[in-house]
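Commentary on secondary and tertiary structure
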Amino acid sequence: MADNNEEINVIAHLLQVEKNASLLIDNALKEAEQKLAQARSQANLEFKQKYEACVGNLENEYNQKLNEIQTDHDKLFDDFKESLQSQPKNNARFNNLLESLLFADK
């Protein structure tokens, strides 16, 4: 009977050790989940900040290039208009060309 009682005590002790180990594992899992959630939150925050900075830089670069292209286009267009206006006009010759093209059958 003493052996039986000792065995029961050993089994009870082993069950208590297992229960303690289970609690330790549960606590460790909860702590790991918390740390993981914090790390994920921090990583998302850093990503968002770097992403917004990158997008801001690209947008500024785009707007700068767009302004340069618009300025160049406006200058080319003004130069073209000026070259057209500086061309000599020969109305009589133009009228003769139109008549020959439009009324060639007559």
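To keep things clear, this report deals only with the structure shown in the data block. All of these numbers come straight from a predicted model, not from anything done at the bench. (Residues numbered from 1 in each chain as written. Predicted model: local features only at pLDDT ≥ 70, side-chain atom pairs only at ≥ 80, totals over all residues. Heavy atoms only, no water.)

**Quick word on the overall build of the protein**
For the protein, the helix and strand inventory stands at two helices and zero strands. The C-alpha atoms of the protein give 44 Å as radius of gyration, which overshoots the globular expectation for 106 residues (13 Å, by more than 25%). Oriented by its inertia axes, the alpha-carbon framework of the protein measures out at about 140 × 35 × 10 Å. For the protein, the proportion of its 106 residues judged to be buried stands at 0%. Charged side chains of the protein number 12 positive and 19 negative; the gap between the two group centres comes to 11 Å. (Helix = DSSP H or I, 4+ residues; strand = E, 2+ residues; numbered from the N terminus. Rg over C-alpha atoms; globule rule 2.2 N^0.38 Å. Buried < 20%, exposed > 50% of the residue type's maximum accessible area, 1.4 Å probe, protein only. Lys, Arg positive; Asp, Glu negative; His and termini not counted. Charge placed at Lys NZ, Arg CZ, Asp CG, Glu CD.)

**Here's the deal with the pattern of salt bridges**
On inspection of all chains with the given rule, the structure shows two salt bridges. Its salt-bridge partner being lysine 35, residue glutamate 31 comes within 3.3 Å of it at the nearest N-O pair. On the criterion of helical spacing, the pair formed by glutamate 31 and lysine 35 is a turn pair, its members being four residues apart in helix α1 (residues 2-86). Salt-bridge contacts for lysine 75 lead to aspartate 79; the nearest nitrogen and oxygen are separated by 3.1 Å. Of this pair, lysine 75 and aspartate 79 are both found in helix α1, four residues apart, which corresponds to roughly one turn of the helix. Overall, the relative accessible area of 38% leaves aspartate 79 in the partly exposed class. (Salt bridge = Lys/Arg side-chain N within 4 Å of Asp/Glu carboxyl O.)

Note that all results are geometric; they support no functional claim without further evidence.
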